[in-house]
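# Analysis of the macromolecular model
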Amino acid sequence: QLGAADAPLLEALGVARHRAGDAHGARAAFEQARALAPQAPGPLIGLGAIAVESGDAAAADVLLKQALEVAPRHTQTLLALAGAMRANGQVDGALAVLEGHPGGPNADLLRETASIRAAQGDLAGARGMLEEAMELAPANITLTEELAKLREAGGDAAGAESLRKMAERMGGGASSAA
């Protein structure tokens, strides 16, 4: 007999199956985890991701908003909902989700917001957000590299190079960029 304590294992199974391309198996595991732990956002996020990938924007929206209801301060829920909205062309809605976080900004939310702003052509706004994110997570190599790219795109080659060197030092000599 499975109980609520088994929900994280089923959620992990769902994630593994999803990563392996087994949407049917992942959906079954997420549904089982959801039944055992209805207040956990993870299974809803997993089901929402599967819905996004299958092109069912309406189902994704419902599932991810349910996840947000049970965990309004959960970063992964906010990122998943914003990502689904962005994929569905609801960029303003995605920004509202990311920028309206009740707990204030964190590095992950700022990074995603910066990505949207950069895609909209607001490089200065995106740079500002990544700089704020770096203040919150100063040892984050990915943030450093992304800020370097934006600085370079904005014509600040020296600033970009300085950030790339910083990222290399953080990573022990190799940056995470390909």
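Sequence positions are assigned chain by chain, starting from 1 and proceeding in written order. Totals for whole chains, interfaces and linings use all residues, but because this is a predicted model, local features are given only for residues with pLDDT of at least 70 and pairs of side-chain atoms are given and counted only at 80 or more. The side-chain values count all of the structure's non-hydrogen atoms but skip hydrogen atoms and water molecules.

### Brief notes about the environment of Ala84
Selection rule: Segments assigned H or I by DSSP are reported as helices when at least four residues long, segments assigned E as strands when at least two residues long, and all are numbered from the N terminus. We call two residues in contact when some of their heavy atoms are within 4.5 Å.
Position of Ala84 among the secondary structure elements: in helix α5 (residues 75-87). Along the chain, Ala84 and Val52 lie 32 residues apart, while their C-alpha atoms are 6.3 Å from each other. Among residues more than four places away in sequence, those in contact with Ala84 are Val52 and Leu64.

### Looking at the packing of helix α7 (residues 107-119) against helix α8 (residues 123-136)
The test is simple: Geometry is summarised by axes, namely lines fitted to C-alpha atoms with helices restricted to the contacting stretch, and by angles between N-to-C directions that run from 0 to 180 degrees. For this classification, under 35 degrees means roughly parallel, over 145 means roughly antiparallel, 65 to 115 means roughly perpendicular, and everything else is oblique. Crossings are classed by handedness, with left-handed meaning an anticlockwise turn of the near helix from the far one by less than a right angle and right-handed meaning a clockwise turn. In this classification, the charged set is Asp, Glu, Lys and Arg, the nonpolar set is Ala, Val, Leu, Ile, Met, Phe, Trp, Tyr, Cys and Pro, and all remaining amino acids, among them Gly, are polar.
Where α7 meets α8, the axes come as close as 8 Å, and the angle between the chain directions of the two elements is 165°. On the basis of the axis angle, α7 is roughly antiparallel to α8. Classified by chirality, the crossing of α8 by α7 is left-handed. Only Leu123, Ala126, Met129, Leu130, Glu132, Ala133 and Leu136 of α8 make contact with α7, whose side of the interface consists of Ala107, Leu110, Arg111, Thr113, Ala114, Arg117 and Ala118. Counted by class, the contact of α7 with α8 contains ten nonpolar, one polar and three charged residues.

### Quick notes on the nonpolar core
What counts is decided by this rule: For our purposes a nonpolar core is just a set of buried Ala, Val, Leu, Ile, Met, Phe, Trp, Tyr and Cys residues, chained together by side-chain atoms within 4.5 Å. Under the scheme applied here, a residue whose accessible area is under 20% of the maximum for its type counts as buried, over 50% as exposed, and between as partly exposed, the area being computed with a 1.4 Å probe on protein chains only.
In this structure, Leu64, Val97 and Leu98 are the most contacted members of the largest nonpolar core, which totals 24 residues. Looking at this core, the elements that each hand over two or more residues are α2 (23-36), α3 (41-53), α4 (57-70), α5, α6 (91-99) and α7. It is α5 that contributes the most residues to this core, seven residues altogether. When sequence neighbours within four positions are dropped, the list of residues in contact with Val97 reads Leu78, Leu81, Ala82 and Met85. Judged by nonpolar contacts, the second largest core, of 14 residues, contains Leu110, Ala133, Leu143 and Leu150.

### Some remarks on the packing of α7 against helix α9 (residues 141-153)
Put simply, α7 and α9 touch, their axes get as near as 12 Å, and they point 25° apart. Compared by their axis directions, α7 and α9 come out roughly parallel. As for the relative orientation of α7 and α9, their crossing is left-handed in sense. Side by side, α7 and α9 meet where Ala107, Arg111 and Ala118 of the first sit next to Thr142, Leu143, Glu146 and Leu150 of the second. Its residues placed into classes, the contact of α7 with α9 shows four nonpolar, one polar and two charged.

### Remarks on the pattern of salt bridges
Opposite charge on two side chains permits them to pair, given that their charged atoms come into close proximity. Stated precisely, the cut-off is as follows: Take a side-chain nitrogen of Lys or Arg and a carboxyl oxygen of Asp or Glu: if they are within 4 Å of each other, that pair is a salt bridge.
Going through the model one piece at a time under the given rule, you end up with seven salt bridges. With its nearest N and O atoms 3.3 Å apart, the salt bridge here joins Asp61 to Lys65. You can see Asp61 and its partner Lys65 sitting in helix α4, four residues apart, about one turn around the helix. A relative accessible area of 24% means that Asp61 is categorised as partly exposed. The salt bridge involving Glu131 is made with Arg151; its shortest N-O contact spans 2.8 Å.

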